[in-house]
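# Chain and residue survey
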Amino acid sequence: MELDRDLLLGLYSTMVKIRTFEMEAAELFASSLIPGFVHLYAGEEAIATGVCAHLSASDYIASTHRGHGHLIAKGGNLNRMMAELFAKRTGYCKGKGGSMHIADVSIGILGANGIVGASLPIATGAGLACKLKGEGAISVCFFGDGASNRGTFHESLNLASAWELPVVYVCENNYYAISSCQRVAMAIQDIAERATGYGIPGVSVDGNDVLAVFEAAGEAVKRARTGNGASLLVANTWRHRGHFEGEPELYRDQEEHKLWLAKDPIPRFEAQLIERGIATTEDLRAIDRNWQDEVRQAVLFAEESPDPAPDELYQDVYAE
Amino acid sequence: MRTITYAKAISEGLAQAMRRDPRIYIAGEDVGIVGGTFLATQGLLAEFGPERVRDTPITETAIAGHAVGAAAAGMRPCIEIMWMDFMGVCMDEILNQAAKMHYMFGGQIELNLVIRVPEGAGFRAAAQHSQSLEAFFTHIPGLKVAFPSTPYDAKGLLMSSLCNRNPIIFIEHFQLYGWKGEVPEEEYLVPFGKAAIRREGTDITLVSWGWMVHKALAAANQLAQEGISTEVIDLRTLKPWDQETVISSVRKTKRLVIVHEAVRMNGFGAEIAATVGEEAFDSLDAPIKRVTAPDTPIPFSPVLEDAFLPNELTIAEAMRSLL
Ligand SMILES: Cc1ncc(C[n+]2csc(CCOP(=O)(O)OP(=O)(O)O)c2C)c(N)n1
Ligand SMILES: [Mg+2]
């Protein structure tokens with residue numbers, strides 16, 4: 001595939017942006033600056049990056065408990081995201097959502113979600129809204145291998161195929177749902193086989209190869225945009241961290257873990273960019289430094305922001 | 001004024017709202033071709049076509065869940081879950097998604113979403129097709145709950161729901177679909193949180209909603225023949241509910257009987273009793289009484305189901321016991 005330089009560097013930049021944010025969040029959590037639960041996306045950046053590169057602000061995404069990467073790739077603002085992690089009033093949700101519930105409806109982010117598998121019907125409905133409005137927008141659903149075992153998966157894919165909705169279902173198979181291994185939790189190896197049951201295309205790709213994701217997502221997005229309905233895209237990957245920060249993680253094989261760390265999507269893509277003469281190491285380090293600055297800025301913004309006042313507890317229960 | 005049925009009042013309200021607001025669409029099982037199991041969406045498919053009147057597969061989770069997504073993306077879905085007893089199948093979509101989004105996202109997303117759902121016993125339909133579960137939904141901040149007892153309120157509350165900006169559980173009663181009443185042809189709104197005083201009185205306050213309002217009125221008629229004057233209040237919406245009207249009535253009559261078809265424990269009657277106890281204890285001349293179904297599943301046998309349901313006799317008896 002021939003892709004132009006800006007696009008390639010953009011893919012690299014988005015992946016690094018996510019990784020930088022996530023590693024900062026890991027440190028902040030370890031130093032008890034972030035309350036609650038934080039599920040990091042480190043290691044899976046190629047997926048959100050390759051998919052969201054096809055989307056604009058008028059398209060929708062529905063995300064998961066491991067949502068930071070999706071939100072950043074869709075254009076989420078780092079300051080407001082970080083402030084939300086810090087539970088500050090300037091955060092996306094005014095401190096009422098936290099890591100698992102960040103949304104930015106103005107750019108089509110219908111929220112991270114604390115309920116596994118809940119993104120599926122939500123994205124399906126957003127797809128119906130796109131179809132009824134007829135303005136060419138589409139909807140993308142992110143969910144995990146674990147979520148694909150829930151009933152919402154079946155009901156959503158069935159409805160989307162029956163109604164020919166413009167939805168791309170992106171299953172991030174990191175082989176684990178907490179300790180539950182994909183190979184044990186289902187009797188099939190390739191989750192994409194499930195698409196057959198709904199009469200829609202199902203494709204599996206190397207989820208640590210941003211170009212492979214970009215290409216496969218491009219097909220699925222095109223199909224949705226041209227009125228040809230839904231698809232299932234399975235991206236196989238690995239989370240670098242525990243299920244959530246601070247989890248002891250006693251169930252993954254350390255040898256397998258090392259093998260996957262060696263397939264880290266970011267150094268892998270960096271090597272390709274350099275080998276193909278798209279960028280020099282210095283170009284890439286400049287991108288890295290930029291995101292380190294931006295993330296540091298975001299932390300400052302969050303630290304300096306006020307907490308919500310106690311009586312904000314009562315606000316926004318209902319729209320009036 | 002002309003009279004029409006409760007079912008017709010609903011379909012007329014839907015049609016008028018849909019003509020005005022292109023974002024409204026309907027989805028549910030059998031809502032299109034057959035016009036709804038109880039004919040509350042009759043005629044809409046013919047007028048609005050299959051894009052806006054969508055017969056769905058048997059897929060309650062996706063009916064409720066897709067509606068959350070469609071509403072978040074700017075539509076105004078009015079979905080139907082065929083039977084209150086099936087709400088358990090889509091409870092996450094209601095409890096954790098619809099009810100929470102506005103608050104959890106800091107007010108960014110508004111869900112203009114109406115879930116129409118019939119409930120009620122008396123059809124010998126047994127334990128899985130008869131339950132009154134309204135109290136469940138009043139326990140969830142973020143939801144509103146309407147429960148009309150007349151054709152007039154059915155249309156007016158539905159029109160209000162369809163221009164409200166929050167997720168609404170709109171409960172209809174099976175026994176009422178064929179009931180006729182006066183309904184204006186034009187559009188009108190019945191507000192949330194405003195009870196209707198169905199009968200004025202001075203000796204006892206009877207509070208109810210849904211089908212039981214009619215049983216309460218029958219009991220009040222009986223007691224009138226015994227010289228007792230009853231005030232009958234129909235709450236019309238349970239969340240929010242009209243505390244003011246109930247409390248000022250209790251201050252006048254000094255006696256309160258609450259009637260509901262739902263089982264007793266933690267039924268909405270418990271909330272009303274607690275509130276009146278907190279706010280108007282000093283006005284009461286007698287203990288608050290609840291007339292409810294017992295804490296059992298709903299039986300099939302007509303003999304047993306009749307024993308399960310409150311009726312005008314059991315209501316009248318409870319009222320006499322306070323005097
Ligand atoms: C309905 C539901 N069940 C269980 C949980 C607890 N839980 C949170 S994340 C998770 C694992 C999800 O696995 P997967 O979908 O593969 O996503 P991953 O964490 O691997 O990204 C579980 C069981 C939940 N939040 N929601
Ligand atoms: Mg997983």
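Keep in mind that what you see is a predicted model, and the values were worked out from it rather than measured.

### Some thoughts on the domain arrangement of chain B
Residues and elements named next belong to chain B. Along its sequence, chain B is organised into domain 1 (3-182) and domain 2 (196-321). For domain 1 versus domain 2, the distance between C-alpha centres works out to 26 Å. Contacts between domain 1 and domain 2 engage 30 residues on the former and 25 residues on the latter. For the pair domain 1 and domain 2, the summed buried surface comes to about 2,200 Å²; carbon and sulfur atoms form 59% of the total. Per-residue buried area on domain 1 facing domain 2 is highest for Arg124, Thr138 and Phe147; these three make up 26% of the total on that side.

### Remarks on the interface of chain B and chain A
Between chain B and chain A, the residue contacts involve 41 residues of the former and 38 residues of the latter. Buried surface at the junction of chain B and chain A, summed over both partners, amounts to about 3,300 Å²; 62% is from carbon and sulfur atoms. For the interface between chain B and chain A, the tally reads zero salt bridges. Inspection of the region where chain B meets chain A yields 16 residue pairs in polar contact (both at pLDDT 80 or more). Of all elements in the fold, only β3 (53-55), α3 (60-72), α4 (91-98) and α5 (101-104) of chain B reach the threshold of two or more residues within the side of chain B that touches chain A. When grouped by side-chain class, the residues that make up the side of chain B that touches chain A number 16 nonpolar, 15 polar and ten charged.

### What to know about the nonpolar core
Across soluble globular proteins, you tend to see nonpolar side chains buried next to one another. Ranked by size, the top nonpolar core spans 214 residues in total, and within it Leu235 and Ile272 of chain B carry the most contacts. No other element matches helix α1 (residues 5-30) of chain A, which puts eleven residues into this core. Summarising the domain contributions, this core has at least three residues from each of domain 1 (3-182) and domain 2 (196-321) of chain B. Setting aside residues no more than four positions away along its own chain, Leu235 of chain B makes contact with Lys194, Ala195, Val207, Ser208, Trp209, Trp241, Asp242, Val246, Phe268 and Ile272 of chain B. Residues Tyr175, Cys181, Trp238 and Trp260 of chain A belong to the second largest nonpolar core, which totals five residues.

### A few points about the confidence of the model for chain A
The predicted model of chain A averages 97 in pLDDT, with 100% of residues at 70 or higher. Averaged pLDDT values over the elements of chain A bottom out at 95 in helix α7 (residues 182-185) of chain A and peak at 99 in helix α2 (residues 45-52) of chain A.

### Concerning the pattern of salt bridges
By the definition in use, this model includes 36 salt bridges over all chains. Between Arg241 of chain A and Glu245 of chain A there is a salt bridge; the shortest N-O distance is 2.7 Å. Taking the relative accessible area as the measure of exposure, Arg241 of chain A reaches 27% and is therefore partly exposed. Since its relative accessible area comes to 7%, Glu245 of chain A is described here as buried. Salt bridges sharing common partners tie together Arg2, Glu12, Lys155 and Glu185 of chain B.

### Things to note about the coordination of the magnesium ion (ligand 2)
All names here are of chain A. Listed as protein donors to the magnesium ion (ligand 2) are Asp145 (OD), Asn174 (OD1) and Tyr176 (O); their distances from the metal cover 2.1 Å. Of note, the magnesium ion (ligand 2) draws all its donor residues from one chain, in the sequence arrangement D-x28-N-x1-Y. Of the two residues, Asp145 sits in the loop between β2 (139-144) and α6 (151-162) while Tyr176 sits in strand β4 (residues 176-177), which places them 31 residues apart along the sequence. Assessed through its relative accessible area of 3%, Asp145 is described here as buried.

### Quick look at the site of ligand 1
Residues and elements named next belong to chain A. In the vicinity of ligand 1 there are 14 residues, among which His65, Arg66, Asp145, Gly146 and Tyr176 approach most closely. Between Asn174 and ligand 1, the recorded distance is 2.9 Å, taken from a side-chain N or O atom to an oxygen atom. Residue Tyr176 places a main-chain N or O atom 2.7 Å away from an oxygen atom belonging to ligand 1. About the coverage of ligand 1: the protein hides 73% of its 580 Å² of free accessible area.

What counts as what
Residues numbered from 1 in each chain as written. Chains lettered and ligands numbered in written order. Predicted model: local features only at pLDDT ≥ 70, side-chain atom pairs only at ≥ 80, totals over all residues. Heavy atoms only, no water. Domains from an automatic or database assignment. Contact = heavy atoms within 4.5 Å. Buried area = accessible area lost by both parts, 1.4 Å probe. Salt bridge = Lys/Arg side-chain N within 4 Å of Asp/Glu carboxyl O. Polar contact = N/O pair within 3.5 Å; in protein donor to acceptor, adjacent residues only side chain to side chain. Helix = DSSP H or I, 4+ residues; strand = E, 2+ residues; numbered from the N terminus. Nonpolar A, V, L, I, M, F, W, Y, C, P; charged D, E, K, R; others polar. Core = buried A, V, L, I, M, F, W, Y, C linked by side-chain atoms within 4.5 Å. Buried < 20%, exposed > 50% of the residue type's maximum accessible area, 1.4 Å probe, protein only. pLDDT = per-residue confidence, 0-100. Donors = N, O, S within 2.8 Å, 3.2 Å for Na, K, Ca; no water. Near = heavy atom within 4 Å. Areas by Shrake-Rupley, 256 points an atom, 1.4 Å probe, with all protein chains shown as cover.

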